[in-house]
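Summary of structural features
Each chain, written out:
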Amino acid sequence: MASNEAYITGVGQSEVGVRLTRHPLLLTLDAVKEALDDSGLTLDQIDGVSTYPGKMSVPPGFSPVGSDELIEALGIKSKWHMGGGELPAQLAAIGNAVMAVKQGVCRHVICFRTVYEAAAQSRPDEYPPGKGGDLPGVMQYTMPFWAMSASNWVAQYANRHVYKYGMKREQLAQIALNAHRNAQLNPRARNISKKELTMDEYMSARMITTPLCLWDCDRFSDCSTVIIVSAGDALDEVKTTPVRVAAMAGSVDRYSWDQVEWTAAYDAGPDLWKQADYTVDDVDTVQFYDGFAFLPLTWFEGLGFCEKGSAHEFIEGGTRIAIDGELPLNTFGGQLGAGRLHGFGFAHESVVQLRGEGGKRQIKGDPKVAVATSGGGPMAAALLLVRD
Amino acid sequence: MNPPRMRPRLDDYNRSFWTGGAEGKLNIQRCNDCDQYVHPPLPLCRHCQSENIAPETLPGTGTLDTFTVNHQPWYPGVEVPYVIARVRLDGAPGVILTTNIVNCPVDAIQPEDKVRVLFDEQDGIFFPVFEKAD
């Protein structure tokens with residue numbers, strides 16, 4: 001273990017549900033407790049906190065708990081805390097913690113992402129929607145044309161694959177089919193996915209925004225996920241098998257969703273390999289952001305697992321990306337099958353798999369290398385996670 | 001009949017884009033020093049940082065880059081399905097507008113279609129939407 005490296009030493013997660021009534025701060029506490037128990041650390045050993053995107057009141061429930069609030073509630077003696085949305089996507093909050101421990105500012109950082117959108121939307125008196133009004137910023141160039149949802153923006157890139165590269169719905173379907181198949185093996189996904197999805201169900205589902213149907217879009221859920229990042233010279237304080245953050249890469253090309261040529265995975269992907277002595281051939285599992293089913297395809301292509309414009313062929317039939325396939329994808333069910341954990345689920349599951357703690361969903365062999373990604377559209381972040 | 005479109009908040013930089021339609025003009029900011037286009041509008045050129053920028057009127061034609069047919073009723077009263085599209089503007093390399101394609105069935109368009117602007121005016125804002133040019 002190298003003292004100048006950063007490691008994930010604990011993971012935790014609250015219940016995952018839809019319209020939970022437990023307070024979001026308490027969900028966060030549940031995840032913190034589980035991560036501490038996992039790592040063997042106690043709260044008084046935590047000296048940093050990092051989150052994405054920081055507390056926000058709108059959209060309701062999108063980010064109901066902030067770093068400073070958690071510090072206040074748990075009495076954490078923090079030396080450096082971080083929370084913000086101006087980052088290259090969700091996993092960048094973990095990247096910030098990596099930089100903090102490498103710099104020596106912190107020894108053990110709690111990174112968390114708490115989502116509460118399903119609950120908040122069911123209780124508008126408690127979580128009021130925004131007031132509306134004239135649109136400032138870049139949203140003014142999309143919202144007036146009723147491009148209301150990120151699904152609309154991502155769908156346009158997905159349709160490029162349909163028209164330019166010949167992607168068929170039966171090919172794209174493998175992302176959702178794989179997600180729901182894997183979710184059945186994940187106890188924490190039981191409130192989200194009740195059963196496997198069939199190709200017939202997928203093909204007959206109602207369209208949301210072409211080519212994305214209902215099953216291609218994640219659904220709001222309520223959950224908190226915690227990742228503890230520790231300094232390499234503090235590993236004697238933890239009891240778990242540490243997972244090294246061997247490399248990370250982020251990208252934002254344009255801030256404007258409407259002006260980017262492609263999703264940022266195509267920029268962040270190649271950069272990940274420049275920082276590490278690993279290649280795509282070394283990767284045992286991939287946990288790719290699937291808020292919309294098309295996004296994992298951009299990661300397969302952006303990271304170089306296959307050529308640009310060919311990911312729909314790469315995943316065709318679904319055997320390659322299945323749990324027992326050569327490159328298992330989203331073994332916990334992804335966001336499509338296990339809920340909109342918003343990015344952090346992919347890091348969580350990478351650690352579970354690399355430690356061999358996946359239970360019924362554990363991939364075969366002795367996995368040592370995983371890639372976790374987050375984001376889509378103009379911003380993206382990827383982590384290369386390694387068990388040495 | 002759709003409800004009113006959401007309105008941009010006008011300022012000195014975006015006004016020519018959102019109100020140019022009053023004169024039938026599609027205006028995009030251009031740098032007078034490096035000649036490149038800047039969209040969304042800014043108080044400076046995003047290519048060379050010059051502050052010598054001004055709106056320029058484009059031909060109002062373009063090419064459909066990609067699109068989606070939206071079926072989900074996100075907003076009360078908005079008729080579905082409708083087309084959301086990215087249009088590359090003739091005369092302004094690198095500038096893409098997110099817009100609607102109107103006056104044709106939703107299944108009558110495909111990438112590379114030639115399109116032309118028309119303006120949907122609502123209370124002083126001229127929203128640039130597009131229709132097929134042929």
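For the structure, see preceding data.
Residues numbered from 1 in each chain as written. Chains lettered and ligands numbered in written order. Predicted model: local features only at pLDDT ≥ 70, side-chain atom pairs only at ≥ 80, totals over all residues.

What about the overall build of chain B?
The helix and strand inventory of chain B stands at 1 helix and 8 strands. Reading the helices (α) and strands (β) of chain B from amino to carboxyl end gives α-β-β-β-β-β-β-β-β. Taking 134 residues into account, the globule formula puts the C-alpha radius of gyration at 14 Å, and chain B, at 15 Å, falls close to it. Judged by the C-alpha coordinates and their principal axes, chain B covers about 45 × 30 × 25 Å. Burial analysis of chain B (134 residues in total) assigns 38% to the buried set. The contacts of chain B with a sequence gap of at least 6 include a subset with a gap of at least 24, amounting to 49%. (Helix = DSSP H or I, 4+ residues; strand = E, 2+ residues; numbered from the N terminus. Rg over C-alpha atoms; globule rule 2.2 N^0.38 Å. Buried ≥ 20, exposed ≤ 12 C-beta atoms within 10 Å, placed from the backbone. Contact = placed C-beta atoms within 7 Å.)

Considerations on the environment of B:Ala54
Residues and elements named next belong to chain B. Mapped onto the elements, Ala54 comes out in strand E3 (residues 53–58). Between the C-alpha atoms of Ala54 and Ser16, which are 38 residues apart in sequence, the distance is 9.3 Å. The contacts of Ala54, once residues within four sequence positions are left out, are Arg30 and Asn32.

Side note on helix H8 (residues 265–274) of chain A
Buried within H8(A) are the following residues: A:Ala265, A:Asp267, A:Ala268, A:Gly269 and A:Leu272. In this fold, the buried residues of H8(A) make contact with strand E8 (243–252), helix H9 (295–302) and strand E11 (379–386) of chain A.

Quick word on the interface of chain A and chain B
At the junction of the two partners, chain A supplies 29 residues and chain B supplies 26 residues. For the side of chain A that touches chain B, the elements supplying multiple residues, two or more each, are helix H5 (150–165) and strand E5 (207–209) of chain A. Here the element with the most residues in the side of chain A that touches chain B is H5(A); it accounts for 7 residues. Each residue belonging to the side of chain A that touches chain B can be placed in one class, and the counts come to 15 nonpolar, 10 polar and 4 charged. (Nonpolar A, V, L, I, M, F, W, Y, C, P; charged D, E, K, R; others polar.)

Quick notes on the packing of H8(A) against H9(A)
All names here are of chain A. Where H8 contacts H9, the two axes come as close as 8 Å, and the packing angle between them is 40°. Compared by their axis directions, H8 and H9 come out oblique. Read as a crossing pair, H8 and H9 show a hand that is right-handed. Contacts between H8 and H9 involve Ala265, Tyr266, Ala268 and Gly269 from the former and Thr298, Trp299, Glu301 and Gly302 from the latter. Of the residues belonging to the contact of H8 with H9, the class tally is 4 nonpolar, 3 polar and 1 charged. (Axes fitted to C-alpha atoms, helices over the stretch in contact; angles between N-to-C directions. Parallel < 35°, antiparallel > 145°, perpendicular 65-115°, else oblique. Left-handed = near helix turned anticlockwise from the far one by under 90°.)

Quick look at the sheet that holds E3(B)
The strands making up a sheet associate through hydrogen bonds between their backbones, and the pairing can be parallel or antiparallel. All names here are of chain B. The sheet built from 3 strands is open, its strands ordered E2-E1-E3 with antiparallel pairing. The sheet is open, and its two edges are formed by strand E2 (37–38) and E3, each paired on a single side. As paired strands, strand E1 (residues 26–31) and E2 are joined by 2 bridges and run antiparallel to one another. Following the sheet pairing, Arg30 is matched in E2 by Tyr37. (Pairing = 2+ DSSP bridges.)

Quick word on the nonpolar core
Residue and element names in this part refer to chain A. In this structure, Val229 and Leu385 are the most contacted members of the largest nonpolar core, which totals 153 residues. The dominant element in this core, judged by the number of residues it contributes, is E11, at 8 residues. Leave out the neighbours within four places in its chain, and Leu385 touches Ile8, Val243, Val245, Ala246, Ser350, Val351, Leu354, Ala370 and Ala372. (Core = buried A, V, L, I, M, F, W, Y, C linked by C-beta atoms within 7 Å.)

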